[in-house]
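Here are the chains, one letter per residue:
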Amino acid sequence: MVKILIIEDDVAFNTLLKTWLTKGGFRAEGVLSAAEAIKAVQSQVYDIILSDLRLPDTDGLTLLKWIRETSPDSTVFIMTGYADIQTAVQAIRLGAADYLEKPVDPVVLKEKIDEVLRKKDRPHERIPFIKGDSPASLRLYDYMMLVAPTLLSVLIAGESGTGKEYVANHIHQNSSRRDGPFVALDCGAIPRDLASSELFGHLKGSFTSAISDKKGAFEMADGGTLFLDEIGNLSPDVQMQLLRALQEGMIKPVGSSRMVEVNIRIITATNVDLKQMIEQGKFREDLYHRINEFQLNIPRLQERGQDILLFAHHFLEYANRQMKKQITGFTPEAEQLMLAYCWRGNLRELLNVVRRTVLLSEGPLITVTDLPDEIRNIQSARSGQDAHSLKEQHERQMIIEALARTRNNRTRAARLLGIDRKTLYNKMKLYRLE
């Protein structure tokens with residue numbers, strides 16, 4: 001599904017655009033400021049970005065420059081209520097696909113988006129799955145290959161950006177259903193009133209925007225694997241419908257009286273604690289046990305040690321092909337800073353950083369000066385400490401957090417960190433944590 005980001009500080013107009021685009025079959029998200037937009041673009045890649053020219057914390061042209069550097073594959077439309085040919089020309093010179101005058105005509109907007117999508121080379125190249133060499137990565141991979149050939153439903157837990165869909169797809173590719181479809185649906189991006197339709201389909205005329213019959217994710221995944229990301233976002237009534245469909249192997253499209261038989265394997269993912277949601281009455285316990293026949297916990301990128309560089313070089317090859325460049329690697333200083341940096345956006349953030357540096361670098365190696373400010377300024381922000389000492393500080397803090405999360409159970413803490421118990425004891429002694 002095409003992903004669209006709306007950057008518009010007028011809440012009503014933002015909501016209106018999101019409604020138009022969602023009904024048009026796009027996955028639309030809205031933010032109200034440049035600061036929120038920057039966080040969104042750093043966390044994922046959008047196909048289309050619609051940005052107001054005048055925002056409360058910056059102007060649209062400044063934001064446009066940043067987006068073109070950070071997310072070169074995103075197509076940007078500038079919107080404004082102040083028609084100005086000079087500004088329009090400037091926006092297009094800076095890389096905007098077009099300049100739209102408010103009030104934006106939804107028919108014209110749809111035509112322009114469709115035109116852009118026709119010109120894009122779709123689908124984009126998919127980055128292949130890599131397992132990593134760290135203990136945490138190897139353990140995850142072993143569990144994946146153990147459960148893949150079975151028919152068990154799998155629940156994947158992990159922070160945003162850790163690659164949950166890649167894990168789900170790799171399980172599918174190594175299962176007996178590999179020749180069937182793999183269908184992914186982000187439950188967090190589905191409007192509440194369209195969730196049933198997205199999952200089970202609908203008949204023409206069953207609700208206002210149902211202009212034709214539509215197959216849902218269950219039917220599209222028949223004979224294969226259905227991956228539901230951020231399943232905790234489903235409403236209680238849709239959770240009940242989902243449970244019934246999984247138990248009976250039958251679905252009923254919205255507006256239909258006919259039951260449709262489906263044969264799918266279900267893989268789900270969450271970045272929230274579903275057990276806590278059960279205690280709060282927000283998630284059904286019977287559905288939780290139905291989707292959690294086997295659970296996989298994806299480690300944070302920060303917990304994967306030297307795998308950070310392995311993934312970075314992997315993304316570098318991908319970015320070189322995308323941008324037709326021949327950058328061969330990273331300088332040792334750049335690598336040390338990347339190891340010391342706290343990757344809160346996990347693999348998604350690392351991919352975005354690598355693509356941005358490939359775009360800006362004049363090669364043949366990516367240097368410290370090519371890295372974003374938040375990584376490059378680690379040393380100066382910490383009174384001139386070198387990257388090695390910063391890495392040790394991050395490692396010490398990770399151990400403290402792991403011990404806190406496991407209530408000082410050292411065996412569980414070691415497992416959480418992806419190291420053996422002896423290594424944990426040695427590091428606790430080194431960092432005076434005993």
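Residues numbered from 1 in each chain as written. Predicted model: local features only at pLDDT ≥ 70, side-chain atom pairs only at ≥ 80, totals over all residues. Heavy atoms only, no water.

Novice: Whenever I open this one, the overall build of the chain confuses me. Can you help?
Specialist: The number of helices and strands found in the chain is 20 helices and 14 strands. Taken along the three principal axes of its C-alpha coordinates, the chain extends 70 × 60 × 40 Å. In the chain, which comprises 434 residues, the proportion classed as buried is 49%. Across the chain, 57 positive and 57 negative side-chain charges occur, with their mean positions spaced 4 Å apart. (Helix = DSSP H or I, 4+ residues; strand = E, 2+ residues; numbered from the N terminus. Buried < 20%, exposed > 50% of the residue type's maximum accessible area, 1.4 Å probe, protein only. Lys, Arg positive; Asp, Glu negative; His and termini not counted. Charge placed at Lys NZ, Arg CZ, Asp CG, Glu CD.)

Novice: Sorry, what's going on with the packing of aromatic side chains here?
Specialist: Aromatic ring pairs are reported here in terms of the distance separating the ring centres and the angle at which the planes meet. A complete count under the given rule lists five aromatic pairs for this structure. Ring centres of Tyr143 and Phe294 lie 6.3 Å apart, and the angle between their planes is 75 degrees; on these two criteria the pair is classed as edge-to-face. In this pair, Tyr143 is assigned in helix 6 (residues 135-147) and Phe294 in strand 12 (residues 294-297), connecting sequence segments 151 residues apart. Arranged with centres 5.3 Å apart and planes meeting at 35 degrees, the rings of Phe200 and Phe218 form a pair that is tilted. Residue Phe200 is found in helix 8 (residues 195-200), and its partner Phe218 is found in helix 9 (residues 217-220); the two are separated by 18 residues along the sequence. (Phe/Tyr/Trp six-rings, centres within 6.5 Å; stacked < 30°, edge-to-face > 60°.)

Novice: Would you mind going over the side chain of Asn352 with me for this structure?
Specialist: One can find Asn352 in helix 15 (residues 346-360). Engagement of the side chain of Asn352 in a polar contact is seen with the backbone oxygen of Val41, the distance being 3.3 Å. Not counting the four nearest positions on each side in its chain, Asn352 is found in contact with Val41, Gln42, Ser43, Gln44, Val45 and Thr70. (Polar contact = N/O pair within 3.5 Å; in protein donor to acceptor, adjacent residues only side chain to side chain. Contact = heavy atoms within 4.5 Å.)

Novice: How should I be thinking about the pairing of strand 4 (residues 75-80) in this particular structure?
Specialist: Each regular strand carries side chains that alternate between the two faces of the sheet. Burial runs high along strand 4: six of the six residues are buried. Of the two faces of strand 4, the one holding Thr75, Phe77 and Met79 and the one holding Val76, Ile78 and Thr80 are both buried throughout. As defined by bridge partners, strand 3 (residues 48-52) adjoins strand 4 across five bridges and the pair is classed as parallel. Residue pairing in the sheet places Ile48 in a bridge with Thr75 of strand 4. The β-α-β motif built from strand 3, the intervening helix 3 (residues 60-70) and the parallel element strand 4 has right-handed crossover chirality. (Pairing = 2+ DSSP bridges. Right-handed = clockwise from strand over helix to strand, strands pointing away.)

Novice: Sorry, what's going on with helix 6 here?
Specialist: Side chains of residues three or four places apart in an α-helix project in the same direction, reflecting 3.6 residues per turn. Here helix 6 spans 19 Å end to end across 13 residues, near enough to the 18 Å set by a 1.5 Å rise per residue. Looking only at helix 6, the buried set comprises Ala136, Ser137, Leu140, Tyr141, Met144 and Val147. Down the axis of helix 6, the buried side of the element spans an arc of 135 degrees, and every buried residue falls inside it. Among the exposed residues of helix 6, those oriented more than 90 degrees off its buried face are Asp142 and Leu146. Residues of helix 6 that are buried make contact with strand 6 (154-157), helix 7 (164-173), strand 11 (265-270), strand 12 and helix 13 (307-323). (Expected span 1.5 Å × (residues − 1). Arc of directions from axis to C-beta.)

Novice: Just to check I follow, could you spell out the packing of helix 2 (residues 34-43) against helix 15 for this structure?
Specialist: Helix-helix packing is described using two parameters, namely the angle between the two axes and the distance between the axes. Where helix 2 meets helix 15, the axes come as close as 8 Å, and the angle between the chain directions of the two elements is 95 degrees. The orientation of helix 2 with respect to helix 15, classified from their angle, is roughly perpendicular. In this structure, helix 2 contributes Val41, Gln42 and Ser43 to the contact, and helix 15 contributes Arg348, Glu349 and Asn352. The residue inventory of the contact of helix 2 with helix 15, partitioned by class, reads one nonpolar, three polar and two charged. (Axes fitted to C-alpha atoms, helices over the stretch in contact; angles between N-to-C directions. Parallel < 35°, antiparallel > 145°, perpendicular 65-115°, else oblique. Nonpolar A, V, L, I, M, F, W, Y, C, P; charged D, E, K, R; others polar.)

Novice: What's the story with the side chain of Ser74 in this structure? I'm lost.
Specialist: Relative to the elements of secondary structure, Ser74 occurs in the loop between helix 3 and strand 4. Residue classification places Ser74 among the buried positions, given a relative accessible area of 2%. Within the structure, Ser74 has its side chain in polar contact with the side chain of Ser71 (distance 2.7 Å).

Novice: Please clarify how the pairing of strand 1 (residues 3-7) should be interpreted in this entry.
Specialist: Strand 1 sits mainly inside the fold: five of its five residues count as buried. Neither face of strand 1 is exposed, since Lys3, Leu5 and Ile7 on one face and Ile4 and Ile6 on the opposite face are all buried. In terms of strand pairing, strand 1 meets strand 2 (residues 27-31) through five bridges, oriented parallel. Each bridged residue has a counterpart across the sheet, and for Leu5 the counterpart in strand 2 is Glu29.

Geometric descriptors of this kind do not, in isolation, establish any biological role.
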